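Examination of the molecular architecture
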Amino acid sequence: MSTPLQVYEPFRAGLPPLRKYWRSLWSRRTFISEYSRSELREQHFDSIFGQLWLILNPLMLSAVYFLLIVIIGGSGGAIRYGHLTASLFLFYLVSNSLTGGVKSVTAGQRLILNTAFPRMMLPISATVIAFFKFMPTLLVFMIMRTVLGLPFGWEMLWSIPIILIALIFSLGVAILISTINVYFRDIASFLPYLTRTFLYLSPILYEASALKPQLRTFEHFNPLFSILESWSLSIVHAETPHLSSMLTALAWALGVLLIGTYFFLSREREFAVRL
Amino acid sequence: MSSLSASNTSHKTGDLAVSVQDLSLTYTTAIDRRPTLKARAKSLGRGTKQTRVVQALENVNLDVAYGQVLGVIGTNGAGKSSLMRTIAGIIPPSKGRIEVFGSVSTLLALGVGFNPAMSGRANVHLGGLAAGMTRKEIEEHFDEIAEFSELGDAIDAPMRTYSSGMYARLGFSVAATVQPDILIVDEALSTGDAHFKEKSFNKIKELRSEDRALILVSHAMATLREICNDVAWLHKGKLVNRGNPNEIIDAYQEFLHLGKSSVIDEDL
């Protein structure tokens, strides 16, 4: 008798066999790229005007906020504007991943009920889509900072690991929120409040260095704080970010990804009967 | 989990295709169809139950061999769909073990159509990739799928514009065309118009072959009598009986106190 192609057994400790899960996830990577591309095409982001809208939206937002800062804070300047725009762009990577991820599992209902596949592909695709939307804005910022006359330097290369950390964090929140949405389908309507809160709590409208020391200790609890602080230092100021900030950011990102993944995997078994 | 990845080994009649050993399935499901935080917060302190535990399958043992066409019958809620989903690997078992010796294609209640905003073509591609097929394999089958579904130009229209019959036709075409070793069809033969019913019925007959195992869930007894060479009867999560189609179906119909009424014979 030949050996079975597939064996299904009860999960140990509520988790699927991880190595097998990872292998089948890796073998489905074409799904993730195909899905992201179809989704972007669907939202018309493959066309020139769609791309333009992607860039225009955060650009206009940054213009509005700049106006706000100048009126209430009095200080303007090229660095300030560059900081605001760059920070908003990275913030949008996280927030797009969050809003895209929230319905990723529940929207995949038909597929989940009909096909055996690692469900984690769905929130991963949401993060990939958010990243595809982020890339053109990065290019725009590079042109913009040249026009603004911001300093250039090799320290800007630090932004590459920071983008990676931001991606890990985005993936973590997408996985986490997509699981929560299975149990509370109205969670999406709370997201605008959440993202707005973090927008103001994070060093976007102000610079991290401008914060009072008392508030700074408090900001350790804001995962976006250290990510955005390091981001602005490297890509706007062309300075080396603080090692402690980078490590805090990495710890937050990995922590959220780990917790989100555990939560997702331990609940995944139920998805087909909960949808 | 690679339910559709191609296996090139040929199977002989009588070889084991699926082995279900002492399978039990229990799950918790939400009572609300769409549970919300708002509803939960409002009922806080009321002590109303939010979830229900379902014992879907109890100690089921079932072997399916290649060459067999197994019909699965039972009343609503007997656990037929749960059994199909566990065999397909969609829901892991709570107890027991399932061994599958071949590639599986499933056509369960809902059929294809992952994202209604995308075209039928994109959905077929995505569904195939999710099931573990490669892009090349999907390309090879795509024309055949499109032709069999008789959707014509509609294949490139968003699926939200499809009628339920068109959904069903595309779903059946995908499941039946990809040449699986094991095909599981769950109450999907009764959709579509008379013409397509006839066509899918013939396709199922055509798919019966020595090196393939078919598992059909249906309430259409006449169809099962005609197609199957084996029938399993589930009741309240337990396997009641299994064997010769006519005998089992007769017993089942007697159990339902319906006799050979035309109502159950007619629906395909």
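All of these numbers come straight from a predicted model, not from anything done at the bench. (Residues numbered from 1 in each chain as written. Chains lettered and ligands numbered in written order. Predicted model: local features only at pLDDT ≥ 70, side-chain atom pairs only at ≥ 80, totals over all residues.)

**Re the overall build of chain A**
- For chain A, the count of helices and strands is 12 helices and one strand.
- When the helices and strands of chain A are read in sequence order from the N terminus, they spell out β-α-α-α-α-α-α-α-α-α-α-α-α.
- At 20 Å, chain A has a C-alpha radius of gyration in line with the 19 Å of a compact globule built from 275 residues.
- The C-alpha extent of chain A, read off along each of the three principal axes, is 75 × 45 × 40 Å.
- When each of the 275 residues of chain A is scored for burial, the buried share is 42%.
- Put simply, of all contacts in chain A between residues at least 6 apart along the chain, 83% involve residues at least 24 apart. (Helix = DSSP H or I, 4+ residues; strand = E, 2+ residues; numbered from the N terminus. Rg over C-alpha atoms; globule rule 2.2 N^0.38 Å. Buried ≥ 20, exposed ≤ 12 C-beta atoms within 10 Å, placed from the backbone. Contact = placed C-beta atoms within 7 Å.)

**Considering the UniProt feature "transmembrane region" (unreviewed entry) in chain A**
- According to UniProt, the positions carrying the feature "transmembrane region" (unreviewed entry) are residues 48-72, 84-102, 122-144, 156-184, 190-208 and 244-265 of chain A.
- Taken end to end, residues 156-184 of chain A has its terminal C-alpha atoms 41 Å apart, with 86% of it in helix and 0% in strand. (UniProt positions renumbered as here; feature names shortened; annotations may be inferred.)

**Things to note about the interface of chain A and chain B**
- Contacts between the two partners involve 38 residues from chain A, matched on the other side by 49 residues from chain B.
- For the side of chain A that touches chain B, the secondary structure elements donating two or more residues are strand E1 (6-8), helix H1 (18-27), helix H2 (29-42), helix H6 (109-114) and helix H12 (243-274) of chain A.
- It is H2(A) that provides the largest number of residues to the side of chain A that touches chain B, a total of six residues.
- For the side of chain A that touches chain B, the residue count by class is 19 nonpolar, nine polar and 10 charged.
- As defined by bridge partners, E1(A) adjoins strand E4 (residues 95-100) of chain B across three bridges and the pair is classed as antiparallel. Opposite A:Gln6, over in E4(B), you have B:Val100 as the bridge partner. (Nonpolar A, V, L, I, M, F, W, Y, C, P; charged D, E, K, R; others polar. Pairing = 2+ DSSP bridges.)

**With respect to unusual backbone geometry**
Residues and elements named next belong to chain B.
- With a phi angle near 50°, Asp22 is a residue other than glycine that sits in the positive phi range.
- Its location among the elements puts Asp22 in strand E1 (residues 16-30).
- Non-glycine residue Lys236 carries a positive phi angle of around 45°.
- Structurally, the position occupied by Lys236 is in the loop between strand E8 (230-235) and strand E9 (238-243).
- The exposure class assigned to Lys236 is partly exposed, which follows from the 14 C-beta atoms found within 10 Å.

**Side note on the sheet that holds E1(A)**
- On the basis of which strands lie adjacent, the open sheet formed by four strands has the order E1(A)-E4(B)-E1(B)-E2(B) and antiparallel pairing. The outermost strands of the open sheet, each flanked by one partner alone, are E1 of chain A together with strand E2 (51-65) of chain B. On average, each strand axis in the sheet is inclined to that of its neighbour by 20°, with strand direction left out of account.
- Here E1(B) pairs with E4(B) via five bridges, running antiparallel. (Axes fitted to C-alpha atoms, helices over the stretch in contact; angles between N-to-C directions.)

**Things to note about the sheet that holds strand E7 (residues 213-217) of chain B**
Residues and elements named next belong to chain B.
- A sheet is described by the order of its strands in space; here six strands give the open sequence E5-E6-E7-E3-E8-E9, paired in mixed fashion. Two strands in the sheet have a free side with no partner beyond their single neighbour: strand E5 (104-107) and E9. Mean inter-strand twist for the sheet, computed between neighbouring axes without regard to direction, equals 15°.
- Pairing geometry for strand E3 (residues 69-73) and E7, over four bridges, is parallel. Across the sheet, the residue bridging to Gly71 is Leu216, located in E7.
- Each of E3, E8 and E9 touches helix H8 (residues 245-255); the most contacted strand, E8, lies at about 25° to it.

**Re the packing of H2(A) against helix H3 (residues 120-130) of chain B**
- Between H2(A) and H3(B), the least distance of the axes is 9 Å, while the angle of their chain directions is 155°. Taken together, the axes of H2(A) and H3(B) lie roughly antiparallel to each other. Two packed elements cross with a definite hand, and for H2(A) against H3(B) that hand is left-handed. Taken together, the residues of H3(B) that come into contact with H2(A) (itself represented by A:Thr30, A:Phe31, A:Glu34, A:Tyr35 and A:Ser38) are B:Ala122, B:His125, B:Leu126, B:Leu129 and B:Ala130.
- Class assignment of the residues belonging to the contact of H2(A) with H3(B) gives a composition of six nonpolar, three polar and one charged. (Parallel < 35°, antiparallel > 145°, perpendicular 65-115°, else oblique. Left-handed = near helix turned anticlockwise from the far one by under 90°.)

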